[in-house]
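Analysis of the macromolecular model
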Amino acid sequence: AYEIVDCDWSSDVCSSDLRGIYSGDILIADAASPPARGKIAVVMLHGSVLIGQLAFHEGQWWLQSGRPGIRPVAVEGEEAEVWAIITGLVRADV
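Here goes a summary of the coordinates provided. What you see is a predicted model; the values in this text were computed from it and never measured.

**Points about unusual backbone geometry**
The residue His46 is not glycine, and still its phi comes out positive at about 50°. As for its placement among the helices and strands, His46 is situated in the loop between strand 3 (40-45) and strand 4 (48-57). Exposure remark for His46: the relative accessible area of 53% places this residue in the exposed category. In the Ramachandran plot, Glu58 falls in the positive-phi region, its phi being about 55° despite a non-glycine side chain.

**Comments concerning the environment of Asp25**
Secondary-structure assignment places Asp25 in the loop between strand 1 (2-3) and strand 2 (26-30). Judged by its relative accessible area of 15%, Asp25 falls in the buried class. C-alpha of Asp25 to C-alpha of Ala92: the two residues are 67 residues apart in sequence and 7.2 Å apart in space. In contact with Asp25, other than residues within four places in its own chain, are Gly20, Leu89, Val90 and Arg91. A distance of 2.8 Å separates polar atoms of two side chains, one belonging to Asp25 and the other to Arg91.

**Some points on the pattern of salt bridges**
Applying the stated rule across the entire model yields 1 salt bridge. Between Arg91 and Asp25 there is a salt bridge; the shortest N-O distance is 2.8 Å. Here Arg91 is found in the segment after strand 7 (80-90), whereas its partner Asp25 is found in the loop between strand 1 and strand 2, with 66 residues between them in sequence.

**Re the packing of aromatic side chains**
Two aromatic rings, taken as a pair, are described by how far apart their centres are and by the angle between their planes. Scanning all chains against the criterion turns up 1 aromatic pair. With 4.8 Å between their ring centres and 65° between their planes, Phe56 and Trp61 make a pair best called edge-to-face. Given the relative accessible area of 33%, Phe56 is considered partly exposed. The exposure class of Trp61 is partly exposed, given its relative accessible area of 21%.

**Thoughts on a nonpolar patch on the surface**
There is a patch of nonpolar side chains on the surface, built from Ile26, Ile28 and Val90 and spanning about 250 Å² of accessible area. Checked against the element boundaries, Ile28 lands in strand 2. Exposure remark for Ile28: the relative accessible area of 40% places this residue in the partly exposed category.

Here is what the cut-offs are and how they apply
Residues numbered from 1 in each chain as written. Predicted model: local features only at pLDDT ≥ 70, side-chain atom pairs only at ≥ 80, totals over all residues. Heavy atoms only, no water. Helix = DSSP H or I, 4+ residues; strand = E, 2+ residues; numbered from the N terminus. Buried < 20%, exposed > 50% of the residue type's maximum accessible area, 1.4 Å probe, protein only. Contact = heavy atoms within 4.5 Å. Polar contact = N/O pair within 3.5 Å; in protein donor to acceptor, adjacent residues only side chain to side chain. Salt bridge = Lys/Arg side-chain N within 4 Å of Asp/Glu carboxyl O. Phe/Tyr/Trp six-rings, centres within 6.5 Å; stacked < 30°, edge-to-face > 60°. Patch = residues over 30% accessible without salt bridge, like charges linked within 9 Å, V, L, I, M, F, W, Y side chains within 5 Å. Areas by Shrake-Rupley, 256 points an atom, 1.4 Å probe, with all protein chains shown as cover.

Here you go:
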């Protein structure tokens, strides 16, 4: 999973390998879009705001990392919500 607020993109919880999303990018999110397999999503999980790729397995949503070796995180419980789907990004530096 990926912290999007004050995230150190070189750490184990963040990655620049998630579909070309890099530090400093501005993400465009659509809160009206339903969750879907393979989509990049903004997820509220136990008070943290995370981004990652959605997977649906055994009747529940999972947030997958873009970095090898990071285990998927279950999006479950009262403090878990798929908040929005990432639909685009703006990159200021090219």
